[in-house]
Amino acid sequence: MKKIICAVGTRPEAIKMAPVILALKQSEHINCKVLATAQHRDMLDQVFDIFNIVPDFDLDIMRPNQTLTTLTARLLLNLDSIFHSEKPDAVLAQGDTTTVMTIAMACFYHGIPFGHVEAGLRTGDLSNPFPEEMNRVVAGKLAKWHFAPTERARKNLLNEGVDENDIQVTGNTVIDALHSVVDSSPEIGIPLDSSKRLILVTAHRRENFGEPIKEICRAILHLVEHNADIQVLFPVHPNPNVHQIAHELLGHHSQIILCDPLGYLPFVAAMKAAHIILSDSGGVQEEAPALGKPVLVMRHRTERPEAVEAGVVKLVGPVFENIISETQRLLDNPYAYKQLARNISPYGDGKASQRIVETITKWKI
Ligand code: UD1
Ligand code: UDP
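Here the structure is a predicted model, which means the values were calculated and not measured.

Undergrad: In this structure, what is going on with the packing of aromatic side chains? I would like to understand it.
TA: Within the structure shown, the criterion is met by three aromatic pairs. Considering the side-chain rings of Phe-108 and Tyr-109, the 5.9 Å spacing of their centres and the 50° angle between planes classify their relative orientation as tilted. Here Tyr-109 falls in the exposed class, since its relative accessible area comes to 57%. Measuring from ring centre to ring centre gives 4.9 Å for Trp-145 and Trp-363, while their planes differ by 85°; the resulting arrangement is edge-to-face. Note that Trp-145 is positioned in strand E6 (residues 145–148) and Trp-363 in the segment after helix H15 (352–362), a separation of 218 residues in sequence. Residue classification places Trp-363 among the buried positions, given a relative accessible area of 14%.

Below, the structure written as structure tokens:
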């Protein structure tokens, strides 16, 4: 049996790796072990609980308000000893976090084949998103298998000189995860005013810390002050750089509900109930179009241009004027709303994890 470690650090990695882990565990040819770096703690555990995943190893890395340098150093040190003792045949990890970058590096140092799930996303700008663009480039340089979600991602990798035989277009596993929960009629679990249109907000990107996150909050405040018929639900990321500002600026308005991060099921319910989504998240940009919900992306650049090009996601930046004008346009203009609220899913057919597992199963050590 091949021993495959699936490594997971943060909430989105857990959501996107859950279908891969569950499929690998079904295979009689594979001994699948789950390594939680726990770069996130509570938000990671929330996802593991939903998908009934119990990690075999837990590095318990997270510290309050961790810096990128200390996080990276602690991850590498801990991964060194776990790879030394466990000697996996291969390791899989997803995305662009510090966990993924350090997993790729530790695999390289230990001579362990590394499979990159969600490979080939690029903005071409190392500071947008920061530090994720660098994390992906490093992971991409070191991967044996590149599981690209889209044709565009495959082309990005080919442009960087990756051998075409090492790239497989699989779709994004987030669609697999979404399909596995969306029909279970999840509930948000937070009382909302059904007479008002719901605007769902998430924000957490490091490049938006400081003035941009304040600008995002001021725009949300402006919107509720000028639209009595909307309410905002903002599950606030626990990063202190977001949490503190959001509560300071938005904590006292009757049309704004700030809550702790929602579990995946309630969050999917919130996306389904939302009229408009404002977000700087990567995963939300992929899920919302599959649910036919318009997303205004509060970032200057996106490594997920497919939905923008399909006309169902719009980039507004973390920019006050753009956020209010585009949101207001969607609120006031049913035609503009309908144009953006089309059910188009450029990120996969829900079978990405199956394709990944087939490749790993066929691989001869
Ligand atoms: C991380 C990833 C980012 C990803 C995001 C998903 C990096 C550098 N950043 O950003 O790419 O989009 O996760 O959410 O890899 N915290 C808690 N509880 C938790 C999680 C976080 O309290 O369950 C707080 C802690 O104070 C922690 C801080 O948030 O130190 C930052 O966590 P970190 O993983 O470094 O960065 P994120 O902003 O969460
Ligand atoms: N999500 C969640 N609860 C929340 C907010 C988001 O379960 O309160 C899910 C969301 O559906 C998506 C993922 O978390 O699958 C996105 O995570 P995040 O925005 O933190 O990271 P990113 O995708 O930007 O890396």
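Undergrad: It is not clear to me how the site of ligand 2 should be interpreted in this structure. Could you clarify?
TA: Close to ligand 2 lie 16 residues; Leu-262, Ser-281, Gly-282, Gly-283 and Glu-287 are nearest. One of the backbone nitrogen or oxygen atoms of Leu-262 is found 2.7 Å away from a nitrogen atom of ligand 2. Contact between ligand 2 and Gly-282: an oxygen atom at 2.8 Å from a main-chain N or O atom of the residue. When the free accessible area of ligand 2 is taken as 530 Å², the share hidden by the protein chains comes to 95%. Only helix H1 (11–26), helix H10 (264–273) and helix H11 (282–290) provide two or more residues apiece to the shell around ligand 2. Class assignment for the residues of the shell around ligand 2 results in eight nonpolar, five polar and three charged.

Undergrad: Would you explain the packing of H1 against helix H2 (residues 42–51) in this entry?
TA: It is at 9 Å that the axes of H1 and H2 come closest, and there the two elements cross at 25°. The angle between H1 and H2 falls in the class roughly parallel. Relative to H2, H1 is oriented so that their crossing is right-handed. Along the contact surface, H1 presents Arg-11, Ala-14, Ile-15, Ala-18 and Leu-22, while H2 presents Met-43, Leu-44, Val-47, Phe-48 and Phe-51.

Undergrad: Hey, could you run me through the state of the cysteines in this one?
TA: Two cysteines, two sulfur atoms, one covalent bond between them: this is a disulfide. What the rule picks out here adds up to zero disulfides. The thiol of Cys-217 is unpaired, and the distance to the nearest cysteine sulfur, on Cys-259, comes to 14 Å. On the basis of relative accessibility, which here comes to 1%, the residue Cys-217 falls in the buried class.

Undergrad: Explain empty space enclosed by the protein here, please?
TA: A probe as big as a water molecule, rolled over the atoms, marks out the empty space that is left. The tally for this structure, following the rule as stated, stands at one cavity of 30 Å³ or more. Roughly 30 Å³ of internal volume is contained in the largest cavity. Taken together, Leu-121, Pro-149, Thr-150, Asn-172, Glu-286, Glu-303, Arg-304, Glu-306 and Tyr-347 make up the lining of the largest cavity. Of the residues contributing to the lining of the largest cavity, the split by class is three nonpolar, two polar and four charged.

Undergrad: Where do I start with the nonpolar core in this structure?
TA: What tends to happen in soluble globular proteins is that the nonpolar side chains get buried as a cluster. One finds Leu-24, Leu-92 and Ile-360 to be the most contacted residues of the largest nonpolar core, which totals 59 residues. No other element matches the seven residues that H1 contributes to this core. Once you skip the residues sitting within four places of it in the chain, Ile-360 turns out to touch Lys-2, Ile-4, Leu-24, Ile-30, Leu-92, Trp-145 and Phe-147. Core analysis: the second largest hydrophobic core is formed by 33 residues, Ala-203, Cys-217, Val-236 and Val-242 among them.

Undergrad: What exactly am I supposed to notice about unusual backbone geometry here?
TA: The phi torsion of most residues other than glycine is negative, and most of the peptide bonds are trans. Looking along the chain, the bond that leaves Asn-128 and enters Pro-129 is cis, with omega of 0°. Positionally, Pro-129 belongs in the loop between strand E5 (114–117) and helix H5 (132–142). Cis geometry is adopted by the peptide bond preceding Pro-131, which originates at Phe-130 and carries an omega value of 0°. Secondary-structure assignment places Pro-131 in the loop between E5 and H5. In the Ramachandran plot, Asn-52 falls in the positive-phi region, its phi being about 55° despite a non-glycine side chain. Along the chain, the position of Asn-52 falls in the loop between H2 and strand E3 (57–58).

Undergrad: Just checking my understanding: could you explain the environment of Pro-129 for this structure?
TA: Its relative accessible area of 1% is what places Pro-129 among the buried residues. Along the sequence, Pro-129 and Arg-205 sit 76 residues apart, while their C-alpha atoms lie 7.5 Å from each other. Those residues in contact with Pro-129 that sit more than four places away from it in its chain are Thr-123, Arg-136, Arg-205, Glu-207, Arg-299 and Glu-303.

Conventions used here
- Residues numbered from 1 in each chain as written.
- Chains lettered and ligands numbered in written order.
- Predicted model: local features only at pLDDT ≥ 70, side-chain atom pairs only at ≥ 80, totals over all residues.
- Heavy atoms only, no water.
- Phe/Tyr/Trp six-rings, centres within 6.5 Å; stacked < 30°, edge-to-face > 60°.
- Buried < 20%, exposed > 50% of the residue type's maximum accessible area, 1.4 Å probe, protein only.
- Helix = DSSP H or I, 4+ residues; strand = E, 2+ residues; numbered from the N terminus.
- Near = heavy atom within 4 Å.
- Polar contact = N/O pair within 3.5 Å; in protein donor to acceptor, adjacent residues only side chain to side chain.
- Areas by Shrake-Rupley, 256 points an atom, 1.4 Å probe, with all protein chains shown as cover.
- Nonpolar A, V, L, I, M, F, W, Y, C, P; charged D, E, K, R; others polar.
- Axes fitted to C-alpha atoms, helices over the stretch in contact; angles between N-to-C directions.
- Parallel < 35°, antiparallel > 145°, perpendicular 65-115°, else oblique.
- Left-handed = near helix turned anticlockwise from the far one by under 90°.
- Contact = heavy atoms within 4.5 Å.
- Disulfide = S-S within 2.5 Å.
- 1 Å grid on protein atoms, 1.4 Å probe; cavity = no way out; pocket = protein on both sides within 12 Å on 5 of 7 lines; lining within 4 Å.
- Points joined across faces, edges and corners; volume = space filled by probe spheres on them.
- Core = buried A, V, L, I, M, F, W, Y, C linked by side-chain atoms within 4.5 Å.

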